[in-house]
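The primary structure of each chain is shown beneath.
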Amino acid sequence: MNKLAGERSAYLRHAAHQRIDWHPWSQEAFDRAAKEDKPVFLSSGAIWCHWCHVMAKESFEDNTVAAILNEHYIAIKLDRDERPDVDRRYQQAVAAMGQGGGWPLSVFLTPDKKPFFGGTYFPPVERYGMPAFGTVLLAISRYYREKKGEIEEQGSMFLDAMKRERKPSGPFSVALVDDAARQVLAAFDRVNGGFGSAPKFAMPGAIEFLLGRCFFSGDEDVALMLKKTLSAMAKGGFHDQIGGGFHRYSTDSGWAVPHFEKMADDNAWLLRNYCDAFRLFGDPYLGETARGIIAFVNKELSDPRGGFYASMDADVTPDDEGGYFTWTEENLRRTLGDEEYRVLSLHLFDARNAVHHDPRKVVLSVRRTVDDIARETGLTVVTTAEIVERGKQKLLAEREKRQKPFIDTALYTSLNGMMISAYCKAYRTFGDRTVLDSALLALERIREVNVRDGALCHSEGVNAFLEDYAHFCDALIAVYEATGERKYLDEAEAFMGRCIERFWDGRGAGFFDTEEEVVGVRLKGIEDIPRPSPNAVAILVLLKLAAISGDDRYRDHARSALESFSFEASLMAIHGAYYFYALEAFYRMVKLEVHAETGSGLAEASLFAHHPYTCVTWGDPGENVIIPCIATTCFEPVTSAEALKEFLEAREPGV
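Since this is a predicted model, take the numbers as computed values, not measurements.

Conventions adopted
- Residues numbered from 1 in each chain as written.
- Predicted model: local features only at pLDDT ≥ 70, side-chain atom pairs only at ≥ 80, totals over all residues.
- Heavy atoms only, no water.
- Helix = DSSP H or I, 4+ residues; strand = E, 2+ residues; numbered from the N terminus.
- Buried < 20%, exposed > 50% of the residue type's maximum accessible area, 1.4 Å probe, protein only.
- Contact = heavy atoms within 4.5 Å.
- Areas by Shrake-Rupley, 256 points an atom, 1.4 Å probe, with all protein chains shown as cover.
- Pairing = 2+ DSSP bridges.
- Axes fitted to C-alpha atoms, helices over the stretch in contact; angles between N-to-C directions.
- Parallel < 35°, antiparallel > 145°, perpendicular 65-115°, else oblique.
- Left-handed = near helix turned anticlockwise from the far one by under 90°.
- Nonpolar A, V, L, I, M, F, W, Y, C, P; charged D, E, K, R; others polar.
- Polar contact = N/O pair within 3.5 Å; in protein donor to acceptor, adjacent residues only side chain to side chain.

Draft legend 1. Structural view of the overall build of the protein. When helices and strands are counted, the protein shows 25 helices and 19 strands. Expressed along its principal axes, the backbone C-alpha trace of the protein runs to roughly 80 × 70 × 45 Å. Looking at the protein as a whole, 60% of its 655 residues are labelled buried. Across the protein, every contact between residues at least 6 apart in sequence was considered, and the portion connecting residues at least 24 apart equals 69%. Here the protein has roughly 25,500 Å² of accessible surface; of this, 49% comes from carbon and sulfur atoms.

If you want it as structure tokens, here you go:
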């Protein structure tokens, strides 16, 4: 009997009609496997995952496959967004098997949760060099019956692979930051922008790290790399040119054709990147891109009652990946007037950006700028810009008539923490009070639905993970800084206290990802995969709390964590970038003690002044000064925005 109909996860409910006797992740399923002496088949995926939908249609909705699973296996369906802890462990196990990783994740387990074989997508018939899924199921069932001793041994080995040996702790210094910057820059794609090759992720932790380095060094080469990357991402099909926001990653190295799902975490981090880049470089296009992310999130990922949804699916059906987001030339002609078609074709339509399954359908990207088109057509720049804007509005209105991809309305604490922090940064960039209001409303909603007896939940019925505590504390500090209301700071300190109590590694420093062992292990890492590591975010929270509160215990924990991960992060290059962002913050953090009324010109100067590593604390409003401090040294009070800007741009690390 399929047991998914009553689950909270939309992804699990999506499989409730299948004839497979799916269980949610539960001890009941493993107890049944032990009682019936059957292996467990675990399928982990997400509602936004295109290939999860493909495998569901091809295999899980096939009666023959369902019969094999029901006869020979106990089947478990897992939502990796709801239970990232379980998914993370089995991803590591499958990687240790040499099978790569990703979703759908297909893992075969013993009744005591040991993984002994796995992969990702399996086709319904032999193709892509992979065996048919039904063939795999029958072969593994036979193997389980005949080779249990080998399976137990293999399962133990792969379980041990999850418990990877920790790299030794070590000292840290500013020199490590310099070395890391060189490693990150070595991965830069000078042709297309970004880092590495296809598939290409944005790597927001690396971007944030380099933006900080550029602020202090003024290195023109780094500035050019950042501008090229941010511009190329924004102009590519990776960025939704008419609806705003970014897709999950680019399938090619040139940002042309994305994987079309749009995730809250990606857009939260990219909003931070584009806000900081706009503040650093002053390029209006970067600001426009940031505002486009906000417009997308407000429209598609915001609950009217407060809170931010998790994701927007890649497609409406598995047969038409990205169909909602793509355009044929005929679509454009039918939607636009003649002049609009002429200009928009030049601006956004590039036949080389066709999707693989239907070459007629093209992902829109910026092919020529407004200035280029004006020169080419003889129109004025103003007229061309008006035509482009009018045409894009028509395309958006036409797209709205299509069936929209599914939106996962789950309210995860970690994702909301990310977006609240990003919205606070956007408020401090653009001064738009409605953005701050959205952040405040989301914070209240998460308090309402995901806080129980003073403890956080990841989502309803799921205990919080490190990422929930780290990002929620970061959000509380961001809201405190933006509003000056002490209650948010007090709450941040209370939740960070619980985080240390429940997740801190008392023997080796740093934070574990879970309160207790999951599948026999607690993981502790510093890798950006690809969003910034929760441990690095937690270190930044500790540093901010240390500066704001003056409590050295926070700084001591931050120092210990930085030592714990220093050697490991140094080996990761770009995937350890956010650790080095946190490490630089250890040296360069500036506390601004604001002794002015909230909303006053001086108070707003503290919020709108740009520096990669500041924290704001609020004091006696009657003095009308800002006292800047670095580490244990406070400097002369400043009384104007200009004086504050001069101070922030002149400071060097206190090493």
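Draft legend 2. Spatial organisation of the sheet that holds strand β12 (residues 407-408). Taking strand neighbours across the sheet as the criterion, the three strands line up as β8-β9-β12 in an open arrangement whose pairing is antiparallel. The sheet is open, and its two borders are formed by β8 (262-263) and β12, each paired with just one other strand. Taken together, the two bridges between strand β9 (residues 311-312) and β12 define a ladder with antiparallel strand orientation. Its bridge partner lying in β12, M312 is registered against I407.

Draft legend 3. Structural detail: the packing of helix α21 (residues 534-549) against helix α23 (residues 577-588). The N-to-C vectors of α21 and α23 enclose an angle of 15°; their axes lie 8 Å apart at closest approach. As judged from the angle between their axes, α21 and α23 are roughly parallel. Relative to α23, the crossing made by α21 is left-handed. Residue-level contacts link A536, V537, I539, L540 and L543 of α21 to Y578, Y579, Y581, A582, A585 and F586 of α23. Looking at the contact of α21 with α23 residue by residue, the classes come out as eleven nonpolar, no polar and no charged.

Draft legend 4. Spotlight on the side chain of D79. In this fold, D79 is placed in strand β3 (residues 74-79). Among the polar contacts made by the side chain of D79, one reaches the main-chain amide nitrogen of D81 at a distance of 2.9 Å. Contact partners of D79, with chain neighbours within four places excluded, come to S9, Y11, L12, G45, A46 and Y412.

Draft legend 5. Here's a closer look at the environment of G118. Mapped onto the secondary structure, G118 falls in strand β5 (residues 115-119). Take G118: its relative accessible area is 0%, and that puts it in the buried class. Here the alpha-carbon distance between G118 and A96, two residues 22 residues apart in the chain, equals 10.0 Å.

Draft legend 6. Layout of unusual backbone geometry. Residue P104 is reached from W103 by a cis peptide bond, and omega for that bond is 0°. One can find P104 in the loop between α5 (84-96) and β4 (105-109). For the bond from A198 to P199, the omega torsion is -10°, close enough to zero to count as cis. For P199, the location among the structural elements is in the loop between α8 (174-186) and α9 (204-217). Unusually for a residue other than glycine, K113 sits at a positive phi of about 75°. Within the secondary structure, K113 is located in the loop between β4 and β5. The class of K113 is buried, set by a relative accessible area of 19%. For A573, which is not a glycine, the phi torsion comes out positive at approximately 55°. By the element assignment, A573 lies in the loop between α22 (552-570) and α23.

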